[in-house]
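Listed below, chain by chain, are the residues.
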Amino acid sequence: MTALLLILLAAAPARKLTTLERVQVANLERVRADRQRLAMERRRIPPPEGFRDVRAILHCHAEDAAHTAGTRPELLAAAKKTGVSAVLLSDHVRPERDYINDNWRGLRDGVLFIPGSEAEGFLNYPMRSIHGLQWSSRDEYISLIRRDGGLIFLSHVEERLDHPMDRLDGLEIYNRHTDANDETEYRQWFRKALSDPAAWADISGKLERYHEEYFGAQQDYLAPILAAWDRATQTHPLTGIAANDAHHNQVFTLTKRDGRTAVIDSFERKNLGTVELPEALRDRPDGEVLYRLDFDPYEVSFRNVSTHLWVKSLTEPEVREALRAGRAYVAHDWLCDPTGFRFETAAGNRLTAASPVRAHFRLLRDGEPVLEQFTDSLDWKIPSPGVYRLELWLDVGGERRPWIYSNPTYATQQR
Ligand SMILES: [Zn+2]
Ligand SMILES: [Zn+2]
């Protein structure tokens, strides 16, 4: 009896952990073990006939602003290393630079680049340059970006939850920067930790051993944004995409200054403070970097989340068409490779889905959950018309965490 109860308790997911709980070694280790278990369980699912499932990164920065540390060659190397096929850049706009014509475009070493910008609250992927052009309203701006097939997505949706979406191609349903910004408790802890040399040693050791898990510790479910998406898709299809918002700029160093002190720098701000060094570190040469915490190299950021696309070939028109048509899903790839995931309407009155591993399927109609099931496939007769989308959640590190977000499918009639 007691044993059975314990087994049941162990199987049930506990409450959601805080970021500080997630970055404890025991939890990082547990998450690592669960990721390994999922990788073993994984089965291959073929993409629909004629299509490839490719990973794309939207919303990333390189050489575009003083607060961006990463370079385009560095970004390309990370894309190759992490199996990313397409990168849609989102440069901060500077008046002296044309973000379309003075940028990377086309295939480079097997990775497709599409230039674009982050401006006016949107991610913008016009077909050709808009450099030097003027606009006098939001509508005019959207028309300018969309002419001849340009794409426009609402960005940082948390800042504009009621923004009209009728003329947009989609929105960011997950943004890494948004997710990191709400970490008040973690941030307070981290600010304090910076003045403690033992904490530097601790974090640096964790990044060395558990970089993916540590970065992933801030990953949450952004409910207000998903609710805004569900409201907007009631009237108009909108493709949900992931925003990595990668800058490779979360880098902190502790540098020995003189006999007993060291200075804290971040990439964005020099001299955040000084630290009194313990005996053991005092004989290190002045000017030596004692610790370097590099939280967000592109490859860690690219593994954390991406937008998967179904394309016939790796070309700019194909990538644009997949994004426009919503042949896309968002996944936290670091938890388990989602490649092959499918969610479709079949024969007009059925919804089908398949996952490479068993997961908690959470089916929503018009934003309300209608079915929850632990499975690796679904074949479900649609009982009533509506806008359906599917979320897949995994039990990892003792809690249930979001893994895949499908795009919506519209079930209009029953037969
Ligand atoms: Zn930025
Ligand atoms: Zn950005």
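Above this text is the structure in question.
Here's what I pulled together on the structure shown here. Remember, it's a predicted structure, so these values are computed and weren't measured experimentally. Residues take numbers from 1 onward in each chain, read along the sequence in its written order. In the order they appear in the text, chains get letters beginning with A and ligands get numbers beginning with 1. Totals for whole chains, interfaces and linings use all residues, but because this is a predicted model, local features are given only for residues with pLDDT of at least 70 and pairs of side-chain atoms are given and counted only at 80 or more. In computing side-chain properties, one takes all heavy atoms of the structure into account and sets aside hydrogens as well as water.

**Notes on the coordination of the zinc ion (ligand 2)**
Piece 1. Only His59 (NE2), His61 (NE2), Glu118 (OE) and Asp245 (OD) from the protein coordinate the zinc ion (ligand 2), and they sit 2.1 to 2.2 Å from it.
Piece 2. For the zinc ion (ligand 2), the four donor atoms in the first shell make angles of 82 to 172° at the metal, so the coordination geometry reads as irregular.
Piece 3. Whether a residue is buried, partly exposed or exposed follows from its accessible area with a 1.4 Å probe, protein chains only, as a fraction of its type maximum: under 20%, in between, or over 50%, in that order. Judged by its relative accessible area of 9%, Asp245 is buried. In this description, a donor is an N, O or S atom within 2.8 Å of the metal centre, a cutoff extended to 3.2 Å for sodium, potassium and calcium. Water is not part of the atom list, which can make sites seem incomplete. For a four-donor site, all angles between 85 and 135 degrees give tetrahedral; for four or six donors, opposite pairs above 155 degrees with the remaining angles between 65 and 115 give square planar or octahedral; all remaining cases count as irregular.

**Looking at the sheet that holds strand E13 (residues 273–276)**
Piece 1. DSSP-based pairing: two strands are paired if at least 2 bridges between them are found. Only runs of H or I of at least four residues qualify as helices and only runs of E of at least two qualify as strands under DSSP, and these elements are numbered from the N terminus. One open sheet holds the four strands; their spatial order is E13-E12-E11-E14, and the pairing between them is antiparallel. Pairing within the sheet leaves two strands with one partner each, and these edge strands are E13 and strand E14 (289–294). Averaged over all pairs of adjacent strands, the angle between their axes in this sheet comes to 20°, without regard to strand direction.
Piece 2. The sheet contact formed by strand E12 (residues 261–266) and E13 spans four bridges and is antiparallel. Pairing of Ile264 across the sheet is with Gly273, part of E13.
Piece 3. Whether two residues are in contact is decided by their heavy atoms: any pair within 4.5 Å suffices. To get an axis, fit a line to the C-alpha atoms, keeping to the stretch in contact for a helix; angles then go from 0 to 180 degrees between the N-to-C directions. With respect to the sheet, helix H8 (residues 197–216) is in contact with strand E11 (251–256), E12, E13 and E14, its orientation differing from that of E14 by roughly 50°.

**Description of the packing of aromatic side chains**
Piece 1. Aromatic rings from Phe, Tyr and Trp, with only the six-membered ring used for Trp, were paired whenever their centres fell within 6.5 Å, and each pair was classed as stacked if the ring planes differed by under 30 degrees, edge-to-face if by over 60, and tilted otherwise. Summed over the entire model, instances satisfying the criterion amount to 18 aromatic pairs.
Piece 2. Ring centres of Trp135 and Tyr141 lie 4.7 Å apart, and the angle between their planes is 55°; on these two criteria the pair is classed as tilted.
Piece 3. The class for Trp135 is partly exposed, based on a relative accessible area of 31%.
Piece 4. Ring plane angle 40° and centroid distance 5.5 Å describe the contact between Tyr186 and Trp189, whose orientation is recorded as tilted. Placement of the pair is Tyr186 and Trp189 together in helix H7 (residues 184–193), with a separation of three residues, close to one helical turn.
Piece 5. Given the relative accessible area of 8%, Tyr186 is considered buried.
Piece 6. Of the residues examined, Trp189 reaches a relative accessible area of 30% and is grouped as partly exposed.
Piece 7. An aromatic cluster of three or more residues is present, and its members are Tyr186, Trp189, Phe190, Tyr214, Phe252 and Phe295.
Piece 8. Whether a charge sits over a ring comes down to the Lys NZ or Arg CZ being within 6 Å of the ring centre and within 35 degrees of the ring normal. A cation over a ring is seen here: Arg108 above Trp104, with NZ or CZ 4.0 Å from the ring centre.
Piece 9. Taking NZ or CZ as reference, Arg176 lies 3.7 Å from the ring centre of Phe215, over its face.

**Some thoughts on the environment of Pro408**
Piece 1. Among the structural elements, Pro408 can be located in the loop between strand E21 (399–406) and strand E22 (409–411).
Piece 2. Other than its neighbours up to four places away in sequence, Pro408 contacts Trp229, Thr233, Leu238, Val387, Tyr388 and Arg389.

**Structural notes on the coordination of the zinc ion (ligand 1)**
Piece 1. Looking at the metal site, the zinc ion (ligand 1) is ligated by His67 (NE2), His92 (NE2) and His247 (NE2), spaced 2.0 to 2.1 Å from it.
Piece 2. Separating the zinc ion (ligand 1) and the zinc ion (ligand 2) is a distance of 4.2 Å. Taken as a pair, His67 in the loop between strand E1 (52–60) and helix H4 (72–81) and His92 in strand E3 (residues 91–92) lie far apart in primary sequence, 25 residues in all.
Piece 3. Using a relative accessible area of 30% as the deciding quantity, one classes His67 as partly exposed.

Everything listed is a geometric property; what it means functionally is a separate question.
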